[in-house]
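Observations on the three-dimensional arrangement
Next come the chains, spelled out residue by residue.
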Amino acid sequence: MDSDYVLFICSQSVAFLPQLRGRGLLSDSQSETRELPVSDLGAALTDGVVLCHLANHVRPRSVPSIHVPSPAVPKLTMAKCRRNVENFLEACRRIGVPQDSLCSVGEVLEGKGGGVYCTVGVLLSMAPLSFGPSPRVQLAGFALFYLSVMSALCAIYVHLAPHA
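Residues numbered from 1 in each chain as written. Predicted model: local features only at pLDDT ≥ 70, side-chain atom pairs only at ≥ 80, totals over all residues. Heavy atoms only, no water.

A closer look at the pattern of salt bridges
One pass over the full model with this rule turns up 3 salt bridges. With its nearest N and O atoms 3.7 Å apart, the salt bridge here joins Glu 90 to Arg 94. With Glu 90 and Arg 94 both in helix α4 (residues 78-95), this residue pair falls 4 residues apart, about one helical turn. Since its relative accessible area comes to 35%, Glu 90 is described here as partly exposed. Shared partners join several salt bridges into a network, and the residues in it are Glu 90, Arg 93 and Arg 94. (Salt bridge = Lys/Arg side-chain N within 4 Å of Asp/Glu carboxyl O. Helix = DSSP H or I, 4+ residues; strand = E, 2+ residues; numbered from the N terminus. Buried < 20%, exposed > 50% of the residue type's maximum accessible area, 1.4 Å probe, protein only.)

This is the structure:
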């Protein structure tokens, strides 16, 4: 695999982590991923939690159950980590990631990045592009709607109000 491609996928994955954190998809026990160097990204993905959330970002509800660490038990058992990774890989298959682009469960659990980055790269390439209106356009539309409704209510009030 081309090292430039791996670095590109790493940078895309690292850029995606704050989005997950900002949406409340990363737990407090995963807060150490904020300042991970790219070389440690594979190790940060070993519990499968971020990978499962990534699959759900690409296609909502593709991983219906994700084992996440809790404050009481901040480290997942190996069985739960394995189950998360298996669920992620199964979701990738259902989304359409080709079999030859999928990493193995062992690669993820051992923190080996190459195959994982390839899988994440193909998965991210399958994410639907968002063509919805920007927040600014949505706000302008709401403001126009609000002003129209208020003007209509004002006109009705003036028309129906008793004149003294």
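And the narrative resumes.
Description of helix α6 (residues 113-125)
For α6, built from 13 residues, the straight-helix expectation of 18 Å at 1.5 Å per residue is met to within 8% by its first-to-last C-alpha distance of 18 Å. Of all the 13 residues making up α6, 10 are buried; the element is thus mostly covered by neighbouring parts of the structure. Every buried residue of α6 is accounted for by Gly 113, Gly 115, Val 116, Tyr 117, Cys 118, Thr 119, Val 120, Gly 121, Val 122 and Leu 123. (Expected span 1.5 Å × (residues − 1).)

Some remarks on the UniProt feature "transmembrane region" (unreviewed entry) in the protein
Within this structure's numbering, the places UniProt gives as "transmembrane region" (unreviewed entry) are residues 139-160. As annotated, residues 139-160 comprises 100% helix and 0% strand, and the C-alpha atoms at either end are separated by 31 Å. (UniProt positions renumbered as here; feature names shortened; annotations may be inferred.)

A word on the nonpolar core
Counting 27 residues, the largest nonpolar core has Leu 51, Phe 88, Leu 89, Val 116 and Leu 123 as the members making the most contacts within it. Listing elements by their share of this core, those giving two or more residues are α3 (49-58), α4, α5 (105-109) and α6. When sequence neighbours within four positions are dropped, the list of residues in contact with Leu 123 reads Leu 54, Ala 55, Val 58, Phe 88, Cys 92, Ile 95 and Val 97. (Core = buried A, V, L, I, M, F, W, Y, C linked by side-chain atoms within 4.5 Å. Contact = heavy atoms within 4.5 Å.)

Observations regarding the side chain of Asn 84
Mapping Asn 84 onto the fold places it in helix α4. A polar side-chain atom of Asn 84 sits 3.1 Å from the main-chain carbonyl oxygen of Asp 47. For Asn 84, the contacting residues outside a window of four places in its chain are Asp 47, Gly 48, Val 49, Cys 52, Ile 66, His 67 and Leu 76. (Polar contact = N/O pair within 3.5 Å; in protein donor to acceptor, adjacent residues only side chain to side chain.)

What to know about the confidence of the model for the protein
Scored by pLDDT, the protein comes out at a mean of 78, with 73% of its residues at no less than 70. Within the protein, no element has a lower average pLDDT than helix α1 (residues 3-22), which sits at 50, and none a higher one than α4, at 95. Here residues 19-36 scores under 50 on pLDDT; set against residues more than four positions off or in separate chains, the count is 24 contacts. (pLDDT = per-residue confidence, 0-100.)

Notes on the packing of α3 against α6
Between α3 and α6, whose axes approach to 10 Å, the crossing angle comes to 20°. The angle between the axes of α3 and α6 places the two elements in the roughly parallel class. For the pair α3 and α6, the sense of crossing is left-handed. Only Val 116, Val 120, Leu 123 and Leu 124 of α6 make contact with α3, whose side of the interface consists of Leu 51, Leu 54, Ala 55 and Val 58. By residue class, the composition of the contact of α3 with α6 is 8 nonpolar, no polar and no charged. (Axes fitted to C-alpha atoms, helices over the stretch in contact; angles between N-to-C directions. Parallel < 35°, antiparallel > 145°, perpendicular 65-115°, else oblique. Left-handed = near helix turned anticlockwise from the far one by under 90°. Nonpolar A, V, L, I, M, F, W, Y, C, P; charged D, E, K, R; others polar.)

Here's the deal with the environment of Ile 66
When you line up the elements, Ile 66 lands in the loop between α3 and α4. Placed 18 residues apart in sequence, Ile 66 and Asn 84 show a C-alpha to C-alpha distance of 6.1 Å.

A word on the environment of Gly 113
Within the secondary structure, Gly 113 is located in helix α6. Distance in space between the C-alpha atoms of Gly 113 and Ala 43 is 8.1 Å, their sequence separation being 70 residues.

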